[in-house]
Structures are given as structure tokens and as C-alpha cells.
Amino acid sequence: MTSAHQDLRPGRLSGKKILITGGASGLGLACAERFAEEGADLYLADLNREAGEAAAQRIASRFNSQVGFTFLDVTQESSVEAAVSAALDALGRLDGCVASAGISSAGLNETGSEKTVLNTPLAGWQKVIDVNLTGVMLTCRAVGRHMVERGEGGVLVNLASSAARIALPGAAEYCVSKAGVVMLTQVMAMELLSHGIRVNAIGPGFIETPMTAAMREDPEGRARMEGMTPMGRLGQPIEIANAALYLLSEESSYTTGHTLYPNGGIFVG
Ligand SMILES: NC(=O)c1ccc[n+]([C@@H]2O[C@H](COP(=O)([O-])OP(=O)(O)OC[C@H]3O[C@@H](n4cnc5c(N)ncnc54)[C@H](O)[C@@H]3O)[C@@H](O)[C@H]2O)c1
């Protein structure tokens, strides 16, 4: 499939070239499907090679778009650089990036006692910060450098969380990593403004993805998540992909440094 043909596909992201980290699962995967539907060519990058390769093939044939995949560990600087190079080799340029690779902090404390900062193991703390915060910085840095060098602007979208603004006992490292992503997004938005690069984030509430599967299977966990959400239900991945679509598209041309919170009204009720 030639890129000339690709550019003819209609859609809100027609002809756009977009890298998605964490594209093998959950929200990254939902973004990939939604963006391909809107005419984008994609490059997925993820720690999970098997799921990532399968997703890329499936999306390419379903939407007739160009979809590549590479292994990526966002905690490794060289791995991030290699993934962005591979995306550029495959797509020729990047107009956008969604940094969705991430992990939760649930289950880090295996002592059976209630998890708090006081008994959080350092290795577990560092792992979450490395993946969720440093991984986003490395991704935005590598893609941002390419966009600045190319000189035609671009859009970066980072997956933060509503946990950036609500304190979840037992998940300090997760909350802190996501609050960091919100501020990283704001600082980078200012730094890249003059290059025509917009940087925004999304802070979902509780969404039905593999990340929340264990909590959803536990009736108490599900009730807790639903109880915190004024809409009284968990979100679907497509509801986050639609927010990402808006931020990636020209429809949000006056928006930068912003975090959009599709969360069923968590901050309101
Ligand atoms: N699901 C939710 O309720 C929710 C809510 C708020 C924010 N988020 C955030 O959205 C993002 C996506 O979450 P999800 O629900 O799709 O989770 P998920 O577990 O379904 O997908 C996460 C993906 O990231 C990949 N990944 C993990 N570590 C990686 C690493 N070191 N390098 C590269 N890839 C790595 C995994 O292999 C997986 O494919 C995360 O940043 C998460 O914190 C999710």
C-alpha cells in the first residue's frame, strides 16, 4: 500500500502518521483502531511483542491502513530511540504520538498487609515512576526532537490519569507518576509552543481494560470504582480513544498544555 493511496483515505486524521506506545492493549489499542478508522497510518510499540504484532496485522487489514509494530521498553533510553527510528523508517515522519504505555501499582506489596507509602518497597516505587513518568518523558523527547528537526509541528498526547488529582491510598507511586505526567505535559507545551507542537494529556477515570481487570472481577473493587464515579459506570476504551482523536486532530488546534479528564464526572459529584 503506497502512502499516496493512504493519503486519499478520508477521515479526521487522514494521512497522519502516528506512533502509539502501549499500542498492544487497552487504551493504546483502542486509539490505534479509532485512528486507523479515521485515515491515519500507525506505528505501535509495546513490551508485549505477540499482542502488538497481532494487533498491527489485524488493524492494517481491517482498515486498509499502514500499521507497523516494534518491541519497546519505555524505561530504556536506547529502546525508545530505536522505536522512534523504526517508526520513522516505516512511516517517513511522525505527525503525532500517544504515550499510553503504563502500569498500575496494585499488587506491589506482597506482604498481605495494607499497602501505604510507609511499607512501599523502593524497587516497586521506582518501577512505576520509570515506566509511567520517565517512559513518557523519553517518548516525548525522542518524538519531539524529530518534530522540531522536521519543522512542521505535531501533536503529543500523554496518558495521565484522574489519579493525578485524587489521592488513592495504597497507590502513591501511581498517583505521583500521573501528576508528574500532567506537569511534564504543561512544561513541554510551553517549550515546544514556538515549534507549532501541541502537547496535551488525558486523565481517564476507571476504564474497562486489562489494567483494571483484577479490580473489576472483585465485586468490592468494582463497587468502589463505580461508587467513586458519578455516572455510576466504568468507562469504555473507545471513550478515551475519542478524546485522543480530538486532541490529535485539528479540531483541538487552540488547545495545548491541557489535560482532558474523561472520567464520568469524578471531580464533580
Ligand atoms: N484503564 C484505566 O482505567 C486507566 C485509567 C487512567 C489512566 N490509565 C493509563 O492509560 C494507559 C494505558 O492503560 P491501559 O488501561 O490501556 O493498560 P493495559 O495494561 O491494557 O495496557 C498497557 C500497555 O502498556 C504496555 N507496557 C507496560 N510497560 C511497558 C514498558 N515498559 N514499555 C512498553 N510498553 C509497556 C503493556 O504491555 C500494555 O500493552 C496507562 O498509562 C494507564 O496508567 C488507564
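Our structure is the block above this text.
Residues numbered from 1 in each chain as written. Predicted model: local features only at pLDDT ≥ 70, side-chain atom pairs only at ≥ 80, totals over all residues. Heavy atoms only, no water.

A. Spatial organisation of the overall build of the protein chain. Broken down by element type, the protein chain carries nine helices and seven strands. A compact globule built from 269 residues would reach a C-alpha radius of gyration of about 18 Å, and the protein chain, at 18 Å, matches this within 12%. When the backbone C-alpha atoms are referred to their principal axes, the protein chain occupies close to 55 × 35 × 30 Å. The burial tally for the protein chain puts 51% of its 269 residues in the buried class. When contacts within the protein chain are restricted to residue pairs at least 6 apart in sequence, those whose partners lie at least 24 apart make up 74%. (Helix = DSSP H or I, 4+ residues; strand = E, 2+ residues; numbered from the N terminus. Rg over C-alpha atoms; globule rule 2.2 N^0.38 Å. Buried < 20%, exposed > 50% of the residue type's maximum accessible area, 1.4 Å probe, protein only. Contact = heavy atoms within 4.5 Å.)

B. Just the site of the ligand, in detail. Around the ligand, the structure places 29 residues, and the nearest of them are Ser-25, Leu-27, Asp-46, Tyr-174 and Thr-209. Within the side chain of Ser-25, an N or O atom sits 2.6 Å from an oxygen atom of the ligand. Within the contact set of the ligand, an oxygen atom lies 2.7 Å away from a backbone nitrogen or oxygen of Leu-27. Protein contact buries 92% of the 830 Å² of open area that the ligand shows by itself. For the shell around the ligand, the secondary structure elements donating two or more residues are α2 (26–37) and α6 (172–192). The class makeup of the residues in the shell around the ligand is 16 nonpolar, ten polar and three charged. (Near = heavy atom within 4 Å. Polar contact = N/O pair within 3.5 Å; in protein donor to acceptor, adjacent residues only side chain to side chain. Areas by Shrake-Rupley, 256 points an atom, 1.4 Å probe, with all protein chains shown as cover. Nonpolar A, V, L, I, M, F, W, Y, C, P; charged D, E, K, R; others polar.)

C. Expanded view of the sheet that holds strand β1 (residues 17–21). Within the open sheet, the seven strands sit side by side as β3-β2-β1-β4-β5-β6-β7. Their pairing is parallel. Of all the strands in the sheet, just β3 (67–71) and β7 (259–260) have a single pairing partner and so form its edges. Pairing of strand β5 (residues 154–159) with strand β6 (residues 197–202) involves six bridges; the strand directions are parallel. By the bridge assignment for β6, Asn-158 is matched with Ala-201. Set on the sheet, helix α4 (residues 77–91) makes contact with β1, β2 (41–46) and β3; between it and β2 the angle comes to about 160°. Helix α5 (residues 122–150) rests against β1, β4 (96–99), β5 and β6 of the sheet, and its axis sits at about 175° to β5. (Pairing = 2+ DSSP bridges. Axes fitted to C-alpha atoms, helices over the stretch in contact; angles between N-to-C directions.)

D. Main features of the packing of aromatic side chains. Overall, the coordinates contain one aromatic pair when judged by the stated rule. Residues Tyr-261 and Phe-267 carry aromatic rings whose centres are separated by 4.9 Å and whose planes lie at 75° to one another, so their mutual orientation is edge-to-face. For Tyr-261, a relative accessible area of 19% corresponds to the buried category. Across the ring face of Tyr-261, the terminal group of Arg-165 is positioned such that the distance to the ring centre comes to 5.1 Å. (Phe/Tyr/Trp six-rings, centres within 6.5 Å; stacked < 30°, edge-to-face > 60°. Lys NZ or Arg CZ within 6 Å of the ring centre and 35° of its normal.)

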